[in-house]
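As a plain string of letters, each chain reads:
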Amino acid sequence: MALYGQGIVPAQVPYGQELAATTRRAFMPYLVNQIYQSSPLVASLLSNKKTALGGVSSISAPVQGNPMTTSQWTGYSGAFTTPTQQQGVFLSEFNLKALITPVTFLGMEGALQLDHAVVPLLEARMNDAGNNGGAALQTALYGNSTNTTQLIGLPGAVDDGTNASTYGNLSRSYSWWQSKQYAAGTVAPTRQLVLQYIVGCQKYGSENPTLGIMGPGTWTKLADDFVAQESYQIQPGRGFDSDGDRPRSAFKALDVAGVPIYMDLGCPEGTLYLLNTKYMHLHVHEQANFSFSGFESLLSNNVLGYIGVVLTLCELVVVKPSTQSAVSGFTSVSL
């Protein structure tokens, strides 16, 4: 349907119809995506993924939860009590989860678009398969804790047993297999409060978190505590309009006690995740890393066309939950 009677195009009758029938459209030769979101967490996990192989419990990580020896003080005699055998090592086990994105290609579609495609639909679908898979990962990362068919996300991996009683086939009843959960109490996130939870995370897990993640409204609320304290220094003889660098305001990442706090559109508002990426990785099968199966004919189904799948086998694995924390209850800005 042509857009008649606007701009330089005349009304539909009679000249507009004549122009539409004799003039080609000026298509933009690319497809503008309107629906997917960027995710720093997904991008970070995919860029630092670990390779997994097949097998049952294909990701098995021995973890130490109890001391295996007991030190004793002694005197001049050097005597000590007979040691007892102590179990310190436990086995955490994870299975890979399968993410499948079917891709269709109809025979007549190929015939119609051959040498005449402005945007090849098959190419667009293949690109969408990667974007859709990333969106599915983001949804599971921030929403799934109990669906064992899907990737277990942060609600299940960074948990104290509230959302799931087991993780990695080990009971959350072990204190060393729990993540610290904090309730902020419906308050605005500030540098002082975030510092308090960072220190609490470090005290509980013995190591400092490497990054924090917030939803956009919560992150903006925290940024308000920074921006209000900003000051600008202008050199003599220069002004805001003449300084080539210009004064910088606000931040891409908010740094609190050496921990960068990032905004992720998928993160639930009011929640702060404090993560230690040293012990958190996305494990991806070496033969199924957004891998395409190739097309198979649909003739057996009486259809002239083809179908293939993009397959990813992966799982989020946290081998030291005590180094991860979640804070809930912060207020946020409505955006």
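Scroll up a little and you will see the structure.
Residues numbered from 1 in each chain as written. Predicted model: local features only at pLDDT ≥ 70, side-chain atom pairs only at ≥ 80, totals over all residues. Heavy atoms only, no water.

Colleague: Describe the pairing of strand E2 (residues 59-64), listing the residues and the values that go with them.
Modeller: Burial along E2 is one-sided: the residues Ile59, Ala61 and Val63 are buried and none of Ser60, Pro62 and Gln64 is. Relative to strand E3 (residues 89-94), E2 is paired through 6 bridges, and the arrangement is antiparallel. Across the sheet, residue Pro62 finds its bridge partner in E3, namely Leu91. (Buried < 20%, exposed > 50% of the residue type's maximum accessible area, 1.4 Å probe, protein only. Helix = DSSP H or I, 4+ residues; strand = E, 2+ residues; numbered from the N terminus. Pairing = 2+ DSSP bridges.)

Colleague: Which residues make up the packing of helix H2 (residues 40-47) against helix H4 (residues 121-143), and what values go with them?
Modeller: Running from N to C, H2 and H4 point in directions that differ by 105°, and their axes come no closer than 9 Å. In terms of orientation, H2 lies roughly perpendicular with respect to H4. Along its contact with H2, which presents Leu41, Val42, Leu45 and Leu46, the element H4 presents Gly134, Leu137, Gln138, Leu141 and Tyr142. For the contact of H2 with H4, a count of residues per class yields 7 nonpolar, 2 polar and no charged. (Axes fitted to C-alpha atoms, helices over the stretch in contact; angles between N-to-C directions. Parallel < 35°, antiparallel > 145°, perpendicular 65-115°, else oblique. Contact = heavy atoms within 4.5 Å. Nonpolar A, V, L, I, M, F, W, Y, C, P; charged D, E, K, R; others polar.)

Colleague: Residue-level account of empty space enclosed by the protein, with values.
Modeller: By the definition in use, this model includes 1 cavity of 30 Å³ or more. Here the largest cavity defines a volume of roughly 30 Å³. The wall of the largest cavity is formed by Val42, Leu45, Leu46, Leu137, Leu141, Leu151 and Leu282. Counted by class, the lining of the largest cavity contains 7 nonpolar, no polar and no charged residues. (1 Å grid on protein atoms, 1.4 Å probe; cavity = no way out; pocket = protein on both sides within 12 Å on 5 of 7 lines; lining within 4 Å. Points joined across faces, edges and corners; volume = space filled by probe spheres on them.)

Colleague: Explain the pairing of strand E16 (residues 325-330) to me, and be specific about the residues and the numbers.
Modeller: Pairing analysis gives 5 bridges linking strand E7 (residues 180-187) to E16, with the strands arranged parallel. Each bridged residue has a counterpart across the sheet, and for Val187 the counterpart in E16 is Phe330. Summarising the sheet, strand E11 (residues 272-275) and E16 pair through 3 bridges and their orientation is antiparallel. Bridge pairing links Tyr273 to Ala326 in E16.

Colleague: Can you tell me about H2, naming the residues and giving the values?
Modeller: Among all positions in H2, only Leu41, Val42 and Leu45 are buried. Around the axis of H2, the buried residues are gathered within 95° of arc, so they sit on the same side. (Arc of directions from axis to C-beta.)

These values are about where atoms sit, not about what they do.
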